[in-house]
Amino acid sequence: LVQDRLQTGQGLPKVDPATGATSEFVKQRDAAWLEINAPRWMKDGKNFFWSTDEGASAKTPFTRTELRSADGTLKRVLLDGSSDSFIAGVMRDQQSVLAFTRNGLTSATYTRQWLDGSKKPEVIAQSSGGTFISILMAEEADTVMRTVTRPDGSISWTVHKDLSTVADTNAKVGSPGGPIGEITSIAAPLPAANVPKLELTTVTVEGIEMNAMLIRPKNFVPGKKYPVLNHVYGGPTHQQVSGYVRG
């Protein structure tokens, strides 16, 4: 992937192994901004996933994910950029993918999506109420690792035989429909007194609503001046703020 210095144009070149000559087979331009997103090839080498911000608008402000053939031809738009989404993994059957979508400050969804569009997306797991689920897939097996972050700041890591058991965050290791193992942490639990109180809100700029979070000192006194640490978005192609303690 080659991008210009203004980060408004980029191209994906192919190289002739005999001569070393290059030519671009995917070109994209945007007057505002293009994120650097390298293509993700499927195992067969015949297709790849391409993420781009080209043509983003108030209705589709986030990164769009496309399925393209090896010659760069667009086959299908998988994630249209209307919400903060990305491909979290490719199923071992190479016919479907696991997609993550952030639905708001305190909710997110993992869905299975078929590449040919032959079936409706299947909900795999949902995050809500301050409990956040993250899934890491193995490349050569159905096994997955799930991370669960809870409102009290605690985190658990569990191993599952496949995606069918990741939705229930209360299931115990070895129980029917539960995880097959747990990865324990050697770190001390986060003391309750150190769990920050989150103030969640949103800000709207040029018609695009973005998540925001304010964390005040534990002994905050209204009317008193305090120094402020401001962490700004580098995007705006995805929501950096989530409504959970470690987000």
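This text goes with the structure placed above it.
This is a predicted model, so every value here is computed, not measured.

Parameters at a glance
Residues numbered from 1 in each chain as written. Predicted model: local features only at pLDDT ≥ 70, side-chain atom pairs only at ≥ 80, totals over all residues. Heavy atoms only, no water. Helix = DSSP H or I, 4+ residues; strand = E, 2+ residues; numbered from the N terminus. Contact = heavy atoms within 4.5 Å. Areas by Shrake-Rupley, 256 points an atom, 1.4 Å probe, with all protein chains shown as cover. Lys, Arg positive; Asp, Glu negative; His and termini not counted. Charge placed at Lys NZ, Arg CZ, Asp CG, Glu CD. Pairing = 2+ DSSP bridges. Phe/Tyr/Trp six-rings, centres within 6.5 Å; stacked < 30°, edge-to-face > 60°. Axes fitted to C-alpha atoms, helices over the stretch in contact; angles between N-to-C directions. Core = buried A, V, L, I, M, F, W, Y, C linked by side-chain atoms within 4.5 Å. Buried < 20%, exposed > 50% of the residue type's maximum accessible area, 1.4 Å probe, protein only. Polar contact = N/O pair within 3.5 Å; in protein donor to acceptor, adjacent residues only side chain to side chain. Salt bridge = Lys/Arg side-chain N within 4 Å of Asp/Glu carboxyl O.

Glancing now at the overall build of the protein chain. In terms of regular secondary structure, the protein chain is built from zero helices and 17 strands. For the protein chain, restricting intrachain contacts to residue pairs at least 6 apart in sequence, the fraction spanning at least 24 positions comes to 35%. Split by element, the accessible area of the protein chain, about 14700 Å² in all, is 54% carbon and sulfur. In the protein chain, 27 positive and 25 negative side-chain charges are present, and the distance between their average locations comes to 5 Å.

Right, let's talk about the sheet that holds strand 3 (residues 22-29) for a bit. Neighbouring strands of a sheet are bound in pairs by backbone hydrogen bonds; such pairs are parallel or else antiparallel. Across the sheet, which stays open at both edges, the three strands sit in the order 1-2-3 with antiparallel pairing between neighbours. At either end of the open sheet lies a strand with only one pairing partner, and these are strand 1 (2-3) and strand 3. One ladder, built from seven bridges, connects strand 2 (residues 9-15) with strand 3; its direction is antiparallel. By the bridge assignment for strand 3, L12 is matched with V26.

Right, let's talk about the packing of aromatic side chains for a bit. Note on aromatic pairs: each is described by the distance of the centres and the angle between the planes. Applying the stated criterion across every chain yields a total of six aromatic pairs. Relative to F48, the ring of W41 lies with its centre 4.7 Å away and its plane at 45°, an arrangement referred to as tilted. Following the ring pairs from residue to residue traces out a cluster consisting of F86, F100, Y110 and F132.

Here we come to the sheet that holds strand 12 (residues 132-137). In spatial order, the strands read 12-13-14-15; together these four strands make up an open sheet with antiparallel pairing. Across the chains shown, the open sheet's two edge strands, defined by having one partner strand only, are strand 12 and strand 15 (181-183). Neighbour to neighbour, the strand axes of the sheet diverge by 25° on average, direction disregarded. Sheet analysis places strand 14 (residues 155-160) next to strand 15, joined by three bridges and oriented antiparallel. When the sheet's bridge partners are listed, T158 is paired in strand 15 with E182.

On to the pairing of strand 17 (residues 208-215), then. Bridge analysis of strand 16 (residues 198-205) against strand 17 gives eight bridges, and the strand direction is antiparallel. Paired with T204 across the two strands is E209, which belongs to strand 17. Hairpin geometry of strand 16 and strand 17 is characterised by an intervening segment of two residues between the two adjacent antiparallel strands and by a positive phi of about 55° at E206.

L98, I124, I135 and L163 are the most contacted members of the largest nonpolar core, which has 15 residues in total. Elements that contribute at least two residues to this core include exactly strand 9 (96-102), strand 10 (108-114), strand 11 (122-127), strand 12 and strand 13 (144-149). In terms of residue count, strand 12 provides more of this core than any other element does, four residues in total. Setting aside its immediate chain neighbours within four residues, I124 contacts L98, Y110, T111, R112, L163, V166 and A167. If you look at the next biggest cluster of nonpolar residues, it comprises ten residues, including L67, L78, A99 and L115.

With that settled, the discussion passes to the side chain of Q113. Residue position: Q113 is located in strand 10. Side-chain polar atoms of Q113 contact the side chain of T111, separated by 3.4 Å. The residues touching Q113, leaving out its near neighbours within four places in the chain, are L78, L79, S96, V97, A99 and P121.

Turning our attention to the pattern of salt bridges. Taken as a whole and judged by the stated rule, the model has seven salt bridges. For R64, the salt bridge identified is with E66, shortest N-O distance 2.9 Å. The same class applies to R64 and to E66, which are both buried. Where E199 meets R216, a salt bridge forms, and the shortest distance between an N and an O atom there is 2.5 Å. Of this pair, E199 sits in strand 16 while R216 sits in the segment after strand 17, and the two are 17 residues apart along the sequence. Judged by its relative accessible area of 29%, E199 is partly exposed. Beyond isolated ion pairs, a larger network of salt bridges with shared partners links R64, E66 and R68.

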